[in-house]
Amino acid sequence: MILDRIAVTGLRNLDQFEIKPSPTINWISGLNGAGKSSILEAIILLSRGRVPSNRKRGTVLGAGRELLEVCALLRSRDPRHARVSSLKFAYTPSGSGFFENGKPAASVYLLRNRIHVRMLAGNAQQLLEGPPQLRRLFLDWNLFHVEPGYGRLLADLKKVTMQRNAWLKSGAKGPPAWDQAYCHLSEAINYQRRKLVTGLNNSLIELARMFALNGKIGLDFHEGWPAEKGTLDALVANSVREDAMRGYTFYGPSRADLFIRLPDRSFTPSRGETKLLVFILQLAAQHYWNKHGGPEAIWLLDDLGAELDATAIQKILTALTHLTAQVIVTVIAGKGSRPLACTEGPVFHVEQGKLVGQY
């Protein structure tokens, strides 16, 4: 489903903000601090159903506000289905609520499937340069939406790992009752992750040509244990003493990582080139979704002009046009001016948290 309308109030500096996006490319223009990124944040709140715990960004409530509301009207892109759904996310200092078609949502988990978001933000480079858990989250999030039962695998592994770690902390006395289940679940998760990485690599070969990259780029996946040293069952069984000293299970999917393979090993990409690589990786993941019955995603591109030249921006927009995706781009621009690379789609100009122009 795509956004047909979105209204936001009380989110940071947004005050009674409402737009009707087009089903293709949309531009949010304004100067620094105008509230452009907060509009994208509102869409993310709808996709997650909760306020993330991030102290660095502070409270999401605007100054003097006691209520934050994000309301949206969603509709099917396919006119044959004519499906419409209204969502509302409300947040106060004492709690939050999620509503669909005027009724409290029985499960926020189910509502998350109404809207899916892929974002290219100012910190996009963190996906490749940040800690391994970001890349594991990338793999697991993409698998969750196309592999039935994958979420249950992750939940079961978490439960079994907690049980095994408790056994280790108590001195690892008695038989290793959790080892077999732990290894079975770990191998099942590893199989799905490798399957996804193979699919991503297949798409990356095509995308490298589309973006005129010199040579092939690819991904290397490390499952979280040294396969050359034996099976996971043997490694887990032989590391009980060391695990007991640590107080946790060392080998397993929680140590997996993903690495991008560049044509020239001595080449260090710039921030702009890394940002472009992250977009290509996200695009490959969307292609994987399309091939495996996954959902469409709304693409949020924050401050697209930062660190990317006009050629790269145009290639990104062209690729998203081929996907027929709904895209919302924020750019720094003054009122009345067409943003960089903006050749189609409406422009919504924001000043001090308010919509002051549309053209």
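Here's what I pulled together on the structure shown here. (Residues numbered from 1 in each chain as written. Predicted model: local features only at pLDDT ≥ 70, side-chain atom pairs only at ≥ 80, totals over all residues. Heavy atoms only, no water.)

**Regarding the overall build of the chain**
Within the chain one finds 10 helices and 14 strands. At 23 Å, the chain has a C-alpha radius of gyration in line with the 21 Å of a compact globule built from 359 residues. Of all 359 residues assigned to the chain, the portion counted as buried reaches 48%. In the chain, the proportion of contacts linking residues at least 24 apart, taken out of those at least 6 apart, comes to 72%. Element-wise, carbon and sulfur atoms account for 53% of the exposed surface of the chain, whose accessible area totals about 17800 Å². Positive and negative side-chain charges in the chain, numbering 45 and 31 respectively, have mean positions lying 3 Å apart. (Helix = DSSP H or I, 4+ residues; strand = E, 2+ residues; numbered from the N terminus. Rg over C-alpha atoms; globule rule 2.2 N^0.38 Å. Buried < 20%, exposed > 50% of the residue type's maximum accessible area, 1.4 Å probe, protein only. Contact = heavy atoms within 4.5 Å. Areas by Shrake-Rupley, 256 points an atom, 1.4 Å probe, with all protein chains shown as cover. Lys, Arg positive; Asp, Glu negative; His and termini not counted. Charge placed at Lys NZ, Arg CZ, Asp CG, Glu CD.)

**Let's talk about the pattern of salt bridges**
Summed over all chains, the structure comprises 17 salt bridges. Salt-bridge contacts for R12 lead to E41; the nearest nitrogen and oxygen are separated by 2.7 Å. Taken together, the positions of R12 in the loop between strand 1 (2-9) and strand 2 (17-19) and E41 in helix 1 (residues 36-48) put the pair 29 residues apart, joining distant regions of the chain. Measuring nitrogen to oxygen at the nearest pair gives 3.2 Å for the salt bridge that ties E147 to K195. Here K195 lies in helix 6 (residues 179-210) and E147 lies in the loop between helix 4 (132-144) and helix 5 (150-169), a separation of 48 residues in the sequence. E147 sits in the buried class, given a relative accessible area of 11%. One continuous salt-bridge network, built from bridges that share partners, spans R164, D179, D243 and R246. (Salt bridge = Lys/Arg side-chain N within 4 Å of Asp/Glu carboxyl O.)

**Here we look at the sheet that holds strand 8 (residues 117-120)**
The 6 strands lie next to each other as 8-11-12-3-13-14, forming an open sheet whose pairing is mixed. Each end of this open sheet is capped by a strand with a single partner; those strands are strand 8 and strand 14 (354-358). Strand-to-strand twist of the sheet, defined as the mean angle between neighbouring strand axes without regard to direction, takes the value 25 degrees. Looking at chain direction, strand 3 (residues 25-30) and strand 13 (residues 347-351) are connected through 3 bridges and run parallel. Counterpart to W27 in the pairing with strand 13 is V347. Docked against the sheet, helix 1 engages strand 3, strand 8, strand 11 (298-301), strand 12 (327-332) and strand 13, running at close to 155 degrees with respect to strand 12. (Pairing = 2+ DSSP bridges. Axes fitted to C-alpha atoms, helices over the stretch in contact; angles between N-to-C directions.)

**Section: the nonpolar core**
With 62 residues, the main nonpolar core has F211, F279, W299, L301, L304 and I316 as its most contacted residues. No other element matches helix 9 (residues 271-291), which puts 11 residues into this core. In this structure, L301 is in contact with L40, L120, I316, L317, L320, V327, I328, V329 and T330, ignoring residues within four places of it in sequence. Residues L3, L40, L61 and L74 belong to the second largest nonpolar core, which totals 33 residues. (Core = buried A, V, L, I, M, F, W, Y, C linked by side-chain atoms within 4.5 Å.)

**What to know about the side chain of R136**
Along the chain, R136 turns up in helix 4. Buried within the structure, R136 lacks any salt-bridge partner; D257 is the closest side chain of opposite charge, at an N-O distance of 6.0 Å. Engagement of the side chain of R136 in a polar contact is seen with the backbone oxygen of S254, the distance being 3.0 Å. Non-local contacts of R136, meaning those with residues more than four positions away in its chain, are made with R193, P253, S254, R255 and A256. (Polar contact = N/O pair within 3.5 Å; in protein donor to acceptor, adjacent residues only side chain to side chain.)

**Description of unusual backbone geometry**
A positive phi angle, close to 55 degrees, is found at A172, a residue other than glycine. Its location among the elements puts A172 in the loop between helix 5 and helix 6. Its identity as a non-glycine residue notwithstanding, E307 has a phi of 70 degrees, on the positive side. By the element assignment, E307 lies in the loop between strand 11 and helix 10 (310-323).

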